[in-house]
Amino acid sequence: MLNFYLFLSWVRCKLRLAFQFTRSAPLIADDVEQCRAVLQECLLDDSRRSTYLNNLANSLRQRFQQQGEMSDLSESIELHRAALALCSPDHSDRSLSLNSLATSLRDRFRQRGDISDLSESIELHRAALVLCLPGHPDRPMSLNGLGNSLRERFRKQGDIPDLFESIELHQAALALCPPSHPDRSLSLNGLALSLAYRFEERGVLSDLSDAIELHRAALALRPTEHPDRSISLNNLALVLGDKFQQQGTLSDLNEAIELHRDALLLRPPGHSDRFISLNNLAMCLEEQFQQLGRLSDLDDAIEHHRAALLLCPPGHPHRSGSLNNIAVCLESRFQHQGMLSNLDEAIELHRAALELRPLGHPGCTDLDDAIELHRAALVFILPGHFHHSSSLSNLAISLHDRFQHRGNLSDLDEAIVLHRAALLHRPPDHLNRSTTLNNLATSLRDRFLQRGMPSDLDEAIELHRAALLLRPPGHSDRSMSLSNLAADLQEIFVQRGIPFDLDESIEHHRAPLELRPAGHSDRPSSLNNVANSLHIRFMHRGVLPDLDESIKLYRAALQECPPAHSDRSSCLNNLASSLRERFQHREVLSDLDESIELHRAALGLRPAGHSDRSTSLNNLATSLQERSLRQGVLSDLNEAIEFHRAALMFCPPDHSHRSLSLNKLAASLRDRFRWRGNLSDIDESIELHRAALNLCPLGHSGRSASINNLVLSLRDRFHRRDLSSDLDESFSLYSQLSQISHPASRKDLHAAISWVSFAEQFKHSSALVAYQTALKFLDQHLTIMLFSPHHFDAVREDTVSLAMDAFSYSVRHGALMTAVELVEQGRAVFWAQLARFRTPLDELSAQGDGANVLAEEFNRLSFSLRNALDASTGDQSPQIRQLAMQWNDAISRIRMLAGFPHFLLPPLFSDLRMAAEEGPVIIVNASKYSCDVLIILSAQDPIHVPLDVEQADISEWSSEFQSLTKHGGSSDHQLETYQIVDVLRNLWNYIVGPVVQVLRELIDPGSRIWWCPTAEFTLLPLHAAGPYEKNNQNLSDIYISTYTPTLAALIRARQQASRDASDSHFIAIGQATPKAGKPLQHVTAELAVVAQRVAPTLSFTLLADSDATVQGALDALSHNQWLHLACHGFPNRRQPFSSSFAMRDGRLTIRDIIRSSGQDPEFAFLSACHTTVGDWSRPDEAIHLAAAMQFSGFRSVVGSMWSVDDDAAYQIVSAFYKNMVDDTGRLDCKRAAVALHKAVKKLRKKIPLEQQIVFIHIGI
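Residues numbered from 1 in each chain as written. Predicted model: local features only at pLDDT ≥ 70, side-chain atom pairs only at ≥ 80, totals over all residues. Heavy atoms only, no water.

### Brief notes about the nonpolar core
Counting 140 residues, the largest nonpolar core has W831, I991, W1011, I1069, F1141, F1216 and Y1217 as its most contacted members. The dominant element in this core, judged by the number of residues it contributes, is helix 45 (residues 977-999), at 11 residues. The residues touching W1011, leaving out its near neighbours within four places in the chain, are I922, V924, V992, V995, L1022, H1023, L1035, S1041, T1042, Y1043 and T1044. Grouped together as the second largest cluster of nonpolar side chains are 40 residues, L236, V239, I257 and I276 included. (Core = buried A, V, L, I, M, F, W, Y, C linked by side-chain atoms within 4.5 Å. Buried < 20%, exposed > 50% of the residue type's maximum accessible area, 1.4 Å probe, protein only. Helix = DSSP H or I, 4+ residues; strand = E, 2+ residues; numbered from the N terminus. Contact = heavy atoms within 4.5 Å.)

Given below as structure tokens:
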């Protein structure tokens, strides 16, 4: 590719300079001889001799321009010198002779590069100009001639003053050439050429625009029969091509192509410049193919390159370049059509081009030659020269290419140094700065892949960003910059696991896809790029919509790749793998069947020797293995094993996929052992897994998965042979997981969970460490995932009972404080993660000035990072990445301070017991291993209350109660009280009663207690438990119940500063007629009674009906400390983050609430249905509306466990607020639990039982 672009660059320079003064048609064959004959007849003292000498010299120069014979040009120069010698200083033809000799010397300089010829040419032109004073008819010619030679010297030596003087001379010449002047087109052309060079030097678009207009004007003065029309056509086409490269306007490229076609028509076979026009037209057609993806453009380009090659017979200096040009185009066509004949021909053409390299360099290659030539050029083109940065770049590119062929890192290091040097010579407004930024970034990325230095990849990303800024929408290279940046971001995600890098990568891959409509040759690759990134994101986060979209895109890519397309096998493989993934999550068998057929088709396109054959064999085998397990077809499994063996044969010991192949074959043999019981299968499986593990040393990201695979096979053999050595080895392997130092991945987490299960099964002593490791991995993984709700859902599905099982294990082994720590660490993790951004830092700030500055820094970073996360756009990703690094650094520095070693780490029991400062906290835990209660007290160790009940019983009661209260609050579905009472009695007999027996020894009746239920207990009304018998007290007769989702949540609520009542504001929001939901009859009355109770004591605002909108409610949350909300509540048990309150114009969701930022909020009464109900499958996460309010800062919240009757709500609210005002007439949020308790007690005989117990209190 390098030779191709260098060659085309030469053609472009040739076009701008060739035949600028060609002013007559090609001379007939005997022109020279006629002039020579006239000269021979002329006597030496004839006054016309100088004229005859000049005439013959001009004819020879014309013939040189037509035929390229240097002897003609040399003779022309000698004849011009002789003519000049006959012209005395006052001779009328002296200026003409000076200009003629100067022009021929300039031509010879172009051929030989001798700077003395050009210097003499300039001096001769200056001498001629002195003789052509203002008013002289030849002054325009002298001005143009000197301008041309100065421009030529600028190109050679890079002296900017030469270029500026050239422009001034051409402008002066143009001023002397009115529209009818015969030299006007020459002046227009010369000025346009010089402006075009200044544009290349400075990048000022006005120079390019002026050059285009000047070339258009010159072309208008050169009609069809004009001898220089083809030159103007080509020059105008070139500057339009430059404009297209800058602005990406396809009409410029289209016009350039048409101009090149017109020029070619004026250069028929035999014309000296036909070769150049063919190549330039072909180049533009290739560019159009790159932009539009039309294969017809590429075919047309190939035909023109072939025609150009016919004009370069063996021995021609440009034959090698032409061969390479055709070869490159054929390679491109092969990549898009997959026809091997194109690739075969391309290889032969490259071979032919290679054979034409100069001999005399034994063992040297074209690339070596190029490097040495570039080095030599750099010696002569010193800093400050116009072409110095280009020479640096050319040498760097060649060194980079040689590195890619030979792998010598010193070449890559030198290329980077040279690219940096070139960048220093290309300031922000330089035309080629974006190219240099891109080249340097690419070299740095390649070095990162070799040496693994993160700083190289970080710098590459920043350079690609800078290049992208210089390539705005419409720029011809924007797609390339987007793709390069996307690839680097994807790579850094693989290295660091920061999710927003992958999100941004996907957005940048999407952008080029939008520029490549159906039929575009690059559309399949763009579709695959986006699909691949989405598939990677699915593999890391488990979000199924990503997988669905990737499948859709893979299908589209496959449709764009006909059977012979070179990318078809990859498209088949990608689609097949994604379908298998989807089958594993949704179990739709047609997905798996289609996956197998697609993998077979891909394998058919990858014969023996194909680099990807092993991948296809493994993938087909994996899908067959999956089907054998689902459908019980042994033949599928046997076939899978054979394919896995074949794949392993293609992966020698140093192959990057060998570990994968070993594990896959081992897993399939393990499956067959389970099927047939053949011990040889499991023995071989273990040896293969051992070999795979040896290829994953400590620190390897795949080691935990390899450990888990080996343990699975050892476990199966242990069950068969009962060899203790297999069991010992298994736990020895699992113990290595606790030593992992990198942030945990999902695979690490899965391995740790397997360890937990294995240790529990065999009652192994490592179980506690296994639980601690798994919970640590869960915390790490959610932290690096930055706790998006989607990411959270994907991970929590795998860990739904982990914390409760850890609690049970610790309790069973007497580690009660550890039990509290572990259950706290593994529950409500979404809220715990988000709370990191609202951590009170008063204690830190009180440590002194330095700590105060650090606290302010942490607060600032937390606020910025949270806002950036809320924006959640691709453009925010770089900011998020940077903020996350700064935030983690601030945390590390805080932990170094005395008294803060555990800052933001999972809390210790010594911290958690603070939750019980105002009354006992009762953790009620359900696990498949045991059900237990721990009573947490502030001044002593936890008290264990064993429960004589199993988790299955709790699940049964929970399901029964949910069914009984499904239509709670509806007059059409009155519930039988005794059915509810049966459940409440069971809760009393088996759970609450035993707890109360212990509590009676600890606290007085009438005291407050806090329930902290887990698992299915979160769905049961523990506060309402009781014997429901005469002369026997229910729980509500003994203690006042409050709930808390976690101990940490209660501690945070207590630590929040209470706002002075005189500066507090109360808002009551009511929506009786929402956009969705039936009208609520008593909302207006409810709001009135709230106003009646509250308005005399506190600043009060009412927001109702049309004012109660989503935005209005959010504003209210931000500016008020007290909230009463009366409306419909809609739980979403499948997507709990979408649970909502119904407003006039839509729904106020949990997502909206957690993004709000209140001003010291105190209390919220949620008079709506299901406000404490979350995801029934993961109740421990407490993703419900009341918890969202608590996270938003409300220290005390009242919410409902099921549907609320409109009238009952009105009565409870009325009684509640009457008890919320203390003896001094002030509202106190700490009175909420007592106020609710008294309100319900007052209404026991007025409302149904299920409405008496529907509301619960959460918080302080």
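### Focus on helix 5 (residues 94-112)
An α-helical turn contains 3.6 residues, so any two residues separated by three or four positions project in the same direction. Here helix 5 contains 19 residues, and its C-alpha end-to-end distance of 27 Å stays within 8% of the 27 Å for a straight helix at 1.5 Å per residue. In terms of residue burial, helix 5 counts as a mostly covered element, since 14 of its 19 residues are buried. Among the residues trailing helix 5, G113 stands out with phi positive, at a value near 75°. (Expected span 1.5 Å × (residues − 1).)

### Focus on the packing of helix 6 (residues 115-131) against helix 7 (residues 139-157)
Taken N-terminus to C-terminus, the directions of helix 6 and helix 7 make an angle of 155°; their axes are 9 Å apart at the nearest point. On the basis of their axis angle, the class for helix 6 and helix 7 is roughly antiparallel. In the crossing of helix 6 with helix 7, the sense of the turn from one axis to the other is left-handed. Contacts from I115, L118, S121, I122, H125, R126, A128 and L129 in helix 6 reach R139, S142, L143, G145, L146, S149, L150, E152, R153, K156 and Q157 in helix 7. Grouping the constituent residues of the contact of helix 6 with helix 7 by class yields eight nonpolar, six polar and five charged. (Axes fitted to C-alpha atoms, helices over the stretch in contact; angles between N-to-C directions. Parallel < 35°, antiparallel > 145°, perpendicular 65-115°, else oblique. Left-handed = near helix turned anticlockwise from the far one by under 90°. Nonpolar A, V, L, I, M, F, W, Y, C, P; charged D, E, K, R; others polar.)

### Some words on the packing of aromatic side chains
The final tally for this structure, using the stated rule, is 18 aromatic pairs. Taken together, a centroid distance of 4.9 Å and an interplanar angle of 85° make the contact between F758 and F762 edge-to-face. A relative accessible area of 2% means that F758 is categorised as buried. Their ring planes at 50° and their centres at 5.7 Å tell us that W1122 and F1163 sit as a pair that is tilted. Within this pair, whereas W1122 is found in strand 8 (residues 1122-1126), its partner F1163 is found in strand 12 (residues 1163-1167), the two being separated by 41 residues in sequence. You'll find W1122 and F1163 in the same group, each marked buried. Here a set of aromatic residues connected by ring pairs shows up, and it is made of F1066, F1100, W1122, F1163, F1165, F1216, Y1217 and F1255. Over the face of the ring belonging to W1010 we find R1054, whose NZ or CZ atom lies 4.9 Å from the ring centre. (Phe/Tyr/Trp six-rings, centres within 6.5 Å; stacked < 30°, edge-to-face > 60°. Lys NZ or Arg CZ within 6 Å of the ring centre and 35° of its normal.)

### Topic: unusual backbone geometry
Even without glycine at this site, A1015 takes up a positive phi of about 50°. With respect to the element layout, A1015 can be found in the loop between strand 4 (1008-1013) and strand 5 (1040-1043). With a phi close to 60°, H1170 is a non-glycine residue in the positive phi region. Inspection of the secondary structure assignment puts H1170 in the loop between strand 12 and helix 50 (1185-1191). Judged by its relative accessible area of 13%, H1170 is buried.

Function-wise, these values are silent; they only describe arrangement.
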